[in-house]
Amino acid sequence: MSTLEIRGLKVSVTTEGGDVEILKGVDLTIKSGETHAIMGPNGSGKSTLAYSIAGHPKYTITGGTVTLDGADVLEMTVDERARAGLFLAMQYPVEVPGVSVSNFLRTAATALRGEAPKLREWVGEVKSAMEALKMDASFASRNVNEGFSGGEKKRHEIMQLELLRPKIAILDETDSGLDVDALRVVSEGVNRAKEANGIGVLLITHYTRILRYIQPDFVHVFANGKIVEEGGPELAEKLEANGYAEYVGA
Amino acid sequence: MSALQSNLLELHTPNGREEAWRFTPLKRLAGMHDGSAKAVELDSLQPVAELPQGVTFTSVEAEALSHTDDIIINRIRAFTGNVRQLKIAKDREIDQPIILSRTIIQQATVEFARVQIILEPHSRATVVLQNEGDFNLGEDLEIHVGVGAKLTLISLQEWGPTSVHAGHHHAIVERDATFNSLVVTVGGSVVRLLPTVEFAGPGASTELLGVYFATAGQYFEHRMFVDHLVPHAKSRVNYKGALAGQDAHTVWIGDVFIRAAAEGTDTYELNRNLLLSDGARADSVPNLEIETGEIVGAGHASTTGRFDDEQLFYLMSRGINESDARRLVVRGFFNEIVSQIGIEEIQDRLMARIDDELSKAAN
């Protein structure tokens, strides 16, 4: 049983015009097996929350705490956070030219498990993860994210979620750039990973459609750098009907 | 007279102000350029295994196949008429790579070596030249790829830290022939290589690939010249380099000359440099001179950049520690070219050397 606890998190970025505060005090607790959806308009700070938890150097933490089972996440380096059990599925996964998917996955699994997975078992693991996500076998020999379509990038992220078995996963707009079929395949992958490993999921999205496939336990509305309303799945339906207008002060 | 030709045209002892010499640290050239080198003939290059049928490697008195204005090459030619000649007989297709390695190491002197690689018409071969150890070498390498023949030349500079190497690799590529070269420079104090290609017949093509990795104090220069004298020839150049450490300095010059007669030319050249630390310097100068508009394509690109922090973040967010992540990215950067060697043992050795250079640079 794991708990990611975010308390009063404030984050700013440095721009040409000076430091700008993006997160203005976020409180959120995610436990194993729970699925939390964070919904909000573009520019509300949803992705900043995701990248700040993962430790991207662009973001400066100016206040608050983030702990995973009591351990101070903000003190950890990016790789230490991953080894502690955090995973970020990125909205825009980065291309790494010349590094094959299979080499990358095995290096990551070795780092996270503390030892190299046994080759034969590992090959089987990767093969079934790829089949489940309806990915062609040739995928493993391609370079990480290089020349991938939007859908392929997201499948690759979710394949990592299944193979790397984090405690808490943050999915940053995993539904963006996906057609209906790809959305279903990717959502099934998330559900499998939840089922198999009891992952706690923080699902960041702009649209409600992914919530038809991945059932949230809690829905949080994010606007202007903080959570402005919380509820159950019914809140997503309300947002579907009314949009974000009432939260952005329009 | 083309401005590009003048790049090589420095027949006097250079003083460093000439275009062709403006980057080179002349004081560190072991006297090869000014005639003060203690030159010797060593025939240090030897095959590592028995040569296959149809391949000979002999010493001959031979004229040069080409004219050059490079002062070091002219000093070598004035010094000796003796040429080590590797010949692939007509129509022979040699599948196993022919590996030649430098076996004699004499530190206090400079070997002035003349080598010719001759592929008779419609033959095919892969030749590997291995340079290792601490050594000073002035190298006049001439290549003749006969009609319809195909040569893949892999030139490995895995020198020790004090080596000085000045070389000119000049290829004459006949009608429908292919000359592919892959140059690797990962060791030495000063390495200055001039890979040049002269198309002698239509339908000829060349691909010049290279990788280099310079660490503190090393100077590596690769200065190529592709001369499109005839119609319908194709050239591709792709060199990738990494630099790390104080005063690591690399120079890449890519000169391509499309003469008036060279209609239907297709050429593209690319140089990428990855700066891994402060204090290093990469010079990258593509030059394209075109005398006819009737061409298929001509282009070039050159980029020099720092390590991509987004790549680092992505890999580290998957639990991979920083030094492993850097190693993955640098290996990946070089892999595009190194994987083209096609000889696993050499690829593995070079990747291990690159890892080595990288960890040296990190400490």
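The rules behind the values
Residues numbered from 1 in each chain as written. Chains lettered and ligands numbered in written order. Predicted model: local features only at pLDDT ≥ 70, side-chain atom pairs only at ≥ 80, totals over all residues. Heavy atoms only, no water. Core = buried A, V, L, I, M, F, W, Y, C linked by side-chain atoms within 4.5 Å. Buried < 20%, exposed > 50% of the residue type's maximum accessible area, 1.4 Å probe, protein only. Contact = heavy atoms within 4.5 Å. Axes fitted to C-alpha atoms, helices over the stretch in contact; angles between N-to-C directions. Helix = DSSP H or I, 4+ residues; strand = E, 2+ residues; numbered from the N terminus. Parallel < 35°, antiparallel > 145°, perpendicular 65-115°, else oblique. Left-handed = near helix turned anticlockwise from the far one by under 90°. Nonpolar A, V, L, I, M, F, W, Y, C, P; charged D, E, K, R; others polar. Expected span 1.5 Å × (residues − 1). Arc of directions from axis to C-beta. Pairing = 2+ DSSP bridges. Buried area = accessible area lost by both parts, 1.4 Å probe. Salt bridge = Lys/Arg side-chain N within 4 Å of Asp/Glu carboxyl O. Polar contact = N/O pair within 3.5 Å; in protein donor to acceptor, adjacent residues only side chain to side chain. pLDDT = per-residue confidence, 0-100.

Student: Where do I start with the nonpolar core in this structure?
Tutor: For soluble globular proteins, nonpolar side chains are generally found buried alongside one another. Core analysis: the biggest nonpolar cluster contains 114 residues, and Leu49 and Met159 of chain A together with Phe213 and Phe334 of chain B have the highest contact counts within it. If near-sequence neighbours (up to four positions away) are discounted, Met159 of chain A is found in contact with Val101, Leu105, Ala129, Met130, Leu133, Met135 and Phe139 of chain A. Among the nonpolar cores identified, the runner-up in size contains 55 residues, and Leu141, Val183, Leu243 and Ala280 of chain B belong to it.

Student: Sorry, what's going on with the packing of helix 2 (residues 309-316) of chain B against helix 3 (residues 322-338) of chain B here?
Tutor: Two numbers describe a pair of packed helices, the interaxial angle and the distance between the axes. Residue and element names in this part refer to chain B. It is at 9 Å that the axes of helix 2 and helix 3 come closest, and there the two elements cross at 125°. Here helix 3 runs oblique to helix 2, going by the angle between their axes. For the element pair helix 2 and helix 3, the recorded crossing hand is right-handed. Only Glu322, Ala325, Arg326, Leu328 and Val329 of helix 3 make contact with helix 2, whose side of the interface consists of Gln311, Leu312, Leu315 and Met316. Partitioned by chemical class, the residues of the contact of helix 2 with helix 3 number six nonpolar, one polar and two charged.

Student: I'm lost on helix 4 (residues 119-132) of chain A in this one. Help?
Tutor: Count 3.6 residues to each turn of an α-helix, and residues three or four apart come out pointing the same way. All names here are of chain A. When the terminal C-alpha atoms of helix 4 are compared, their 20 Å separation across 14 residues agrees well with the 20 Å that a helix rising 1.5 Å per residue should span. Among the residues of helix 4, Trp122, Glu125, Val126, Ala129 and Met130 are the ones counted as buried. Around the axis of helix 4, the buried residues are gathered within 125° of arc, so they sit on the same side. Exposed side of helix 4, more than 90 degrees from the buried face: Arg120, Glu121, Lys127 and Glu131 are the residues found there. In this structure, the buried side of helix 4 is in contact with helix 3 (101-113) and helix 5 (150-164). Lys134, located one to two residues past helix 4, shows a positive phi value of around 55°.

Student: Sorry, what's going on with the sheet that holds strand 17 (residues 266-275) of chain B here?
Tutor: Working definition: the strands of a sheet are paired by backbone hydrogen bonds and lie parallel or antiparallel to each other. All names here are of chain B. Reading across from one edge, 2-5-7-9-11-13-15-17-19 is the order of the nine strands in this open sheet, with mixed pairing throughout. Among the strands making up the open sheet, the edge pair consists of strand 2 (45-47) and strand 19 (297-306). Taking the axes of each pair of neighbouring strands and ignoring which way they run, one obtains an average angle of 10° across the sheet. Of the pairings in the sheet, the one linking strand 5 (residues 98-102) to strand 7 (residues 124-133) comprises four bridges and is parallel in character. Counterpart to Ile98 in the pairing with strand 7 is Val127. With respect to the sheet, helix 3 is in contact with strand 11 (178-187), strand 13 (205-214), strand 15 (234-243) and strand 17, its orientation differing from that of strand 15 by roughly 155°.

Student: Honestly, the interface of chain B and chain A in this entry has me stumped. Any pointers?
Tutor: It is common to report an interface's size as the accessible area lost on association of the parts. Contact residues are listed per partner, giving 17 residues for chain B and 32 residues for chain A. Buried area between chain B and chain A, summed over both chains or domains, comes out near 1,900 Å², and the portion from carbon and sulfur atoms is 70%. If you sort the residues of chain B by the area they bury against chain A, Phe313, Tyr314 and Arg318 of chain B come out on top, with a joint share of 42%. Counting the contacts that link chain B with chain A gives one salt bridge.

Student: Teacher, can you tell me more about the environment of Glu34 of chain A here?
Tutor: All names here are of chain A. Here Glu34 lies in the loop between strand 2 (18-31) and strand 3 (35-39). Between the C-alpha atom of Glu34 and that of Ala132, which follows or precedes it by 98 residues, the distance is 23 Å. Look past the residues within four positions of Glu34 in its chain and what remains in contact with it is Thr29, Ile199, Gly200, Val201, Asp217 and Phe218. One polar contact links Glu34 to His36, side chain to side chain, over a distance of 2.8 Å.

Student: Can you help me understand the sheet that holds strand 4 (residues 59-68) of chain A in this one?
Tutor: All names here are of chain A. Spatially, 2-1-4-5 is the arrangement adopted by the four strands of the open sheet, whose pairing is antiparallel. Edge strands, defined here as strands with exactly one partner in the open sheet, are strand 2 and strand 5 (71-72). Sheet topology note: the strand 1 (residues 3-15)/strand 2 ladder contains 11 bridges and is antiparallel. From the neighbouring strand, Thr14 faces strand 2, where its bridge partner is Asp19. Across the sheet, helix 1 (residues 46-54) is in contact with strand 1, strand 2 and strand 4; its angle to strand 1 comes to roughly 105°.

Student: Help me understand the confidence of the model for chain B in this model?
Tutor: Residues shown with low pLDDT carry predicted positions that ought not to be read at fine detail. Looking at chain B, the pLDDT average stands at 93 and 97% of residues meet or exceed 70. The complex model carries a pTM of 0.88, and its ipTM stands at 0.96.

Student: Quick question: what am I supposed to make of the pattern of salt bridges here?
Tutor: Pairing between side chains of opposite charge can happen when their charged atoms approach one another. Scanning the model with the defined rule gives 36 salt bridges over all chains in all. Between Glu152 of chain A and Arg142 of chain A there is a salt bridge, with the nearest N and O atoms lying 3.2 Å from each other. A residue pair is termed long-range when its members are at least 10 positions apart, and Glu152 of chain A in helix 5 and Arg142 of chain A in the loop between helix 4 and strand 8 (143-144) qualify at 10 residues. Look at Glu152 of chain A and you get partly exposed, because its relative accessible area is 24%. Arg142 of chain A gets classed as partly exposed once you look at its relative accessible area, which sits at 27%. In this structure, a network of salt bridges that share partners links the residues Asp70, Arg192, Glu221 and Arg223 of chain B.

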